[in-house]
Amino acid sequence: MLEVKLHDIGEGMTEGEILHYLVKPGDQVIADQPLVEVQTDKMVAELPSPGAGTVKEIVVDTGTTVQVGTTLLYIEGAGSQAAAAQEKTAAKAETAQLAQPEAKERKQAFISSFNRVLATPYTRKIARDHNINIEDVTPSDPSGRVTEEDVYRFLKGDQQPQKEAASPEATAVSAQQTTPDEIPFRGMRKQIAKKMTKSLFTIPHVTHFDEVNMTNLLKLREELKAAGVSVSVPAFFVKALVIALKDFPVFNAELDEENEKILLKKDYHIGMAVDTEDGLIVPVVHDADKKSIQTIHEDIKRLNEKAREGKLKPADIQNSTFTVSNVGPLGSIGATPIINHPETALIAFHKTKKVPLVNENDEIVIGHVMTLSMSFDHRVADGATAVAFTNRFASLIEQPNKLMLEMI
């Protein structure tokens, strides 16, 4: 009998919520066939079968949050020696499969052999949230994969006709009897809440506000655009932050309270917070110090798209050392962001406004000024150091030619 357990599928997770089983007792399965969808604190992932056989029993109900190492179901028929080896290496096999470019094609091949509808976990979640049997949805993709657009199209065509307008008397009675709408507090929303609570009640937060003159950077960006080179502003931010972090390594660090040490990280993995329908996700631009501004731009664009489509892999969200929240495009003018535990600091970029400025000739000109807020762990760093850090960052953004020189 082969036990299928919840494995750590990314960034030291300790628990996960069982969203949906893709098999039932009596089903025949093969190695690597997806068995269950699990919600971690950052993503929905499918756990594959570590061996072949027949599903004997499911022991954990959907909607249950369990610890890593908990047995979820049993598979009967796999050889004992092979089962032990497969169970031991299942987590490693899952990570390797997700990291390989051809994994998607291989997964589609064996899923098709079991006549299961092709769809991402995010698409399946949408269908379940609307009580839709995904097998009833006709795929528009030539490959046979059902997309979220297909589900929404099915939902729109299945809508019930609107009810006739009620009389004023009926409306008044109805108003007295109405109950509030309910949103399930589980899945990613619940995991985000847990992580934010841990961060806020573990780390003594201090938030420093500052302003950055964006005029010269925006001018450079327009010049590059005219020359046929498109680079987003956040890409410049990331490169400037890496340079500033090298000058102030205490903000690219982690506090190890148990061993009474501050660990200064030598890698520069910048997390980029992305607002999705399911909540805030932080994909990571890895080794940002070794990449050009153009490459960073392409990484940010790719990760944002994957986050909003629910297609992030475990490797995409692991090992961040410093986090950025770019909320300016949403219209934010200021906030006190919560640090992405166990990091030491997080910086948020807010709305850029046109304001009157005084230039070096004491003339009043119109410029572009952005507000930033930086929350940091006061156990690790002090306010003066935070001010020096943001001043260093601002100097690179306000003089982009200086930023170019720092990269040589």
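As a convention, each chain's residues are numbered from 1 in the sequence order in which they are written. Selection of residues for local features in this predicted model requires a pLDDT of at least 70, selection of side-chain atom pairs for listing and counting requires 80 or more, and totals for whole chains, interfaces and linings are taken over all residues. Only hydrogens and water are removed before side-chain values are computed, so all heavy atoms of the structure are retained for them.

Another point: the pairing of strand β11 (residues 261–264). Here, strands pair whenever DSSP counts at least two bridges between them. Labels follow the DSSP assignment, with helices taken as runs of H or I lasting at least four residues and strands as runs of E lasting at least two, numbered in each case from the N terminus. Direction of pairing for strand β10 (residues 253–256) relative to β11: antiparallel, over a ladder of four bridges. In the sheet register, Asp-256 faces β11, and the bridge partner there is Lys-261. In this antiparallel pair of consecutive strands, β10 and β11, the connection spans four residues, and Glu-260 shows a positive phi of 55°.

As a note on interpretation, predicted positions should not be read in detail where pLDDT is low. Scored between 0 and 100, pLDDT is the confidence that the predictor attaches to each residue. Chain-level statistics for the protein chain give a pLDDT mean of 83 and a share of 83% at 70 or above. By mean pLDDT, helix α2 (residues 103–113) is the weakest element of the protein chain at 42, and helix α8 (residues 233–247) is the strongest at 97. A contact between two residues is defined here by any heavy atoms of the two lying within 4.5 Å. In this model residues 79–115 is a low-confidence stretch, pLDDT under 50, and it forms 43 contacts with partners more than four residues away in sequence or in other chains. Long-range and interchain partners of residues 158–166, a stretch whose pLDDT sits below 50, account for one contact in this model, where long-range means more than four residues apart.

What follows concerns helix α3 (residues 121–129). Counted residue by residue, α3 has seven buried out of nine residues, so it is predominantly covered. Three or more residues of α3 are buried, namely Pro-121, Tyr-122, Thr-123, Arg-124, Lys-125, Ile-126 and Ala-127. Against β4 (34–39), β5 (44–48), α4 (148–157) and α9 (293–308) lie the buried residues of α3. Whether a residue is buried, partly exposed or exposed follows from its accessible area with a 1.4 Å probe, protein chains only, as a fraction of its type maximum: under 20%, in between, or over 50%, in that order.

Our focus in this paragraph is the pairing of strand β2 (residues 15–21). Of all seven residues in β2, six are buried, a share of seventy percent or more. Across three bridges, β2 lies against strand β7 (residues 65–67) in antiparallel orientation. Bridge pairing in β7 links Glu-15 to Gln-67. Relative to β4, β2 runs antiparallel, the two being bridged by four bridges. When the sheet's bridge partners are listed, Tyr-21 is paired in β4 with Val-36.

With that settled, consider the nonpolar core. Residues belong to one nonpolar core when they are buried, are Ala, Val, Leu, Ile, Met, Phe, Trp, Tyr or Cys, and are joined through side-chain atoms within 4.5 Å. Counting residues in hydrophobic clusters, the biggest one holds 51 residues, and the most contacted among them are Phe-237, Phe-251, Ile-270, Phe-322, Phe-349 and Phe-393. Looking at this core, the elements that each hand over two or more residues are α7 (215–226), α8, β12 (270–272), α9, β16 (322–326), β17 (345–358), β18 (364–377) and α10 (383–398). Looking at which element gives the most residues to this core, the answer is α8, with eleven residues. In contact with Phe-349, other than residues within four places in its own chain, are Phe-237, Leu-241, Val-324, Ser-325, Asn-326, Val-327, Gly-328, Met-370, Thr-371, Leu-372 and Phe-393. Ranked by size, the runner-up nonpolar core spans 20 residues in total, among them Val-60, Val-66, Leu-73 and Ile-75.

Within the element layout of this structure, Ala-307 appears in helix α9. A relative accessible area of 4% means that Ala-307 is categorised as buried. Residues Ala-307 and Val-282, 25 residues apart in the sequence, show an inter-C-alpha distance of 8.4 Å.

So, about the sheet that holds β18. Taking strand neighbours across the sheet as the criterion, the six strands line up as β9-β18-β17-β16-β12-β15 in an open arrangement whose pairing is mixed. Either end of the sheet is taken by a strand with one partner, and the two such strands are β9 (205–213) and β15 (284–285). The pairing of β9 with β18 spans nine bridges and is classified as antiparallel. Within β18, the position partnered with Thr-207 by the bridge is Ser-375. To define axes, lines are fitted to C-alpha atoms, for helices over the stretch in contact only, and angles between the resulting N-to-C directions are given on a 0 to 180 degree scale. Strands β12, β16, β17 and β18 of the sheet are contacted by α8, whose axis makes an angle of about 150° with β12.

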